[in-house]
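# Tertiary structure, described
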Amino acid sequence: MTGDRSSIIHALNPFVPGAGRPPKELVGRTPELEYMDTIIARTKNGYTNQGLILSGLRGVGKTVLLLRLMHMAQRQGLMAVGIEATGDSERDQAALFNEFERAAAKERRDSLRNALRSVLQHIQKISLETPIVSTDITMQNRASNRYLEFELACEEIAETLSEHHSGLFIFIDEFQEMDAPLMGMLIGLQHRLGQQSLPFYIIGAGLPNLPGVLTTSRSYAERLFEYREIGRLSDEATVRCLQETVQQSGRTFTKTAVDRLIEDTKGYPYFIQAYGEATFNKADSSPIPIEAVLAGECEALRVLDHGLYESRWQRSTKQGRQYMRAMAALHTEVCDSAAVARFMHKKTQDISKARKTLIELGLIYSPERGKVAFTVPGMAEFISRVEPDEQLPYDRY
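About the criteria used
- Residues numbered from 1 in each chain as written.
- Predicted model: local features only at pLDDT ≥ 70, side-chain atom pairs only at ≥ 80, totals over all residues.
- Heavy atoms only, no water.
- Salt bridge = Lys/Arg side-chain N within 4 Å of Asp/Glu carboxyl O.
- Helix = DSSP H or I, 4+ residues; strand = E, 2+ residues; numbered from the N terminus.
- Buried < 20%, exposed > 50% of the residue type's maximum accessible area, 1.4 Å probe, protein only.
- Expected span 1.5 Å × (residues − 1).
- Contact = heavy atoms within 4.5 Å.
- Core = buried A, V, L, I, M, F, W, Y, C linked by side-chain atoms within 4.5 Å.
- pLDDT = per-residue confidence, 0-100.
- Pairing = 2+ DSSP bridges.

### Some remarks on the pattern of salt bridges
A complete count under the given rule lists 18 salt bridges for this structure. We note a salt bridge from Arg 58 to Glu 174, for which the minimum N-O separation is 2.8 Å. Linking Arg 58 in the loop between β1 (51-55) and α3 (62-75) with Glu 174 in the loop between β3 (168-173) and α7 (180-195), this pair joins segments that are 116 residues apart in sequence. The exposure class of Glu 174 is buried, given its relative accessible area of 16%. Its salt-bridge partner being Asp 259, residue Lys 255 comes within 2.9 Å of it at the nearest N-O pair. Residue Lys 255 and its partner Asp 259 are located together in helix α11 (residues 255-265), separated by 4 residues, close to a single helical turn. Residue Lys 255 is classed as exposed on the basis of its relative accessible area, which comes to 63%. Of the residues examined, Asp 259 reaches a relative accessible area of 36% and is grouped as partly exposed. Because the salt bridges share partners, they merge into one network encompassing Glu 32, Glu 226 and Arg 228.

Quick look at the structure:
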């Protein structure tokens, strides 16, 4: 394949591996899209509804789906804002206020835009009137005032939107990372405003432990949301995704190529995009044969290693990497914490800190008491295949 031809093929490649990058075709998520349609319709007709929580491993397309749901609400003229939770309460609240202001400025209806600006100006006035004195007690009061200001803003915005047959939707990615008091306040807001029949919704996405995190924060959270587990695509959905995506460039895959791609990708959307891209780049004919899939597998693995695994391995401590290596060596999807300790020739309590740190970093999670699992599909295979170093130059300990 000549350089010019290769460049053209790459330019026409319809596959888009990358965190949160929307694929050309979003398949296998019809129930979630239909549920969002229901919330939108009920809101526009003056009814309230439960919020929606999406949970699952990394690489299954939660962020892409969350963005699609947000765009659905925006296209229907509803006020939809989104952030990625950082764990920093002030930063997350500031981001949400900025999104409120942007959404108000983009509102096309003059009367509603002016009403929303009036609400935000009122809240800003309250904030400016809050005295600033650098004492511990006052700092605590300021934190309480910030929560109060945020609650008032959400309540007044929801009231204003309700009068215009609209609603306030807050989309939160990596929801499990949110500061506990802010998370609790948002859950409480959804509960209280729902009781007042005001259109306020939290649509969140996060790791498999997110439902447990929410109910730990507020026990009634289990009744406030519709919970959907987002997993790998079925073989049928994987075929649809591959064929419908590549058909946009006027091509198709042979059955043997598709069968190999099903085996390679295991139905994970991120994998589908990575292997699809690599295969497309290696093909110079249509239908695309299995030989192109085989030729592209090494490149697809490189993309996955760089995009999913290496940065997460590096993010951990040396002790955390030792813990993950032990998990990988057990060759089981869900590992018993005691079995990990035995493999490391340590007592469970001696490695509890490493386990806790890995959970806080979002590298593993606990599906049930005494069990751990990787948050990224294929992480164990990466560790076994690459055997990355446990000691890195920038480690402090």
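### Concerning helix α10 (residues 235-247)
Taking 1.5 Å as the rise per residue, α10 with 13 residues should run 18 Å; its terminal C-alpha atoms sit 18 Å apart, in good agreement. Taken together, the buried residues of α10 touch α11 and α12 (269-282).

### Remarks on the nonpolar core
Grouped together as the largest cluster of nonpolar side chains are 77 residues, with contacts concentrated most on Leu 69 and Tyr 323. The biggest single contributor to this core is helix α13 (residues 290-315), with 8 residues. Residue contacts for Leu 69: discarding those within four places in its chain leaves Glu 32, Leu 33, Met 36, Leu 52, Leu 54, Phe 171 and Ile 203. Counting 43 residues, the second-largest nonpolar core is a separate cluster that includes Val 81, Leu 161, Leu 210 and Ala 221.

### Topic: the confidence of the model for the protein chain
Here the protein chain averages 91 in pLDDT, while 91% of its residues score no lower than 70. Segment residues 132-137: pLDDT under 50, and 2 contacts once partners within four positions in sequence are set aside and those in other chains are kept.

### Notes on the sheet that holds strand β6 (residues 335-336)
Spatially, the 3 strands line up as an open sheet ordered β6-β8-β7, and their pairing is antiparallel. Looking at the sheet topology across the chains shown, the edges are occupied by β6 and β7 (364-365). By the bridge criterion, 2 bridges tie β6 to strand β8 (residues 371-374) in an arrangement that is antiparallel. Among the inter-strand pairings, Asp 336 is bridged to a residue of β8, identified as Lys 371.

### Section: the pairing of β1
Of all 5 residues that make up β1, 5 are buried, and the element is covered over most of its length. Burial along β1 is two-sided: Gly 51, Ile 53 and Ser 55 facing one way and Leu 52 and Leu 54 facing the other are all buried. Where β1 lies against strand β5 (residues 225-229), 5 bridges are found, and the strand directions are parallel. For Ser 55, the partnering residue across the bridge sits in β5 and is Glu 229. Taken together, the 4 bridges between β1 and strand β4 (residues 200-206) define a ladder with parallel strand orientation. Directly across from Ile 53, in β4, lies its bridge partner Gly 204.

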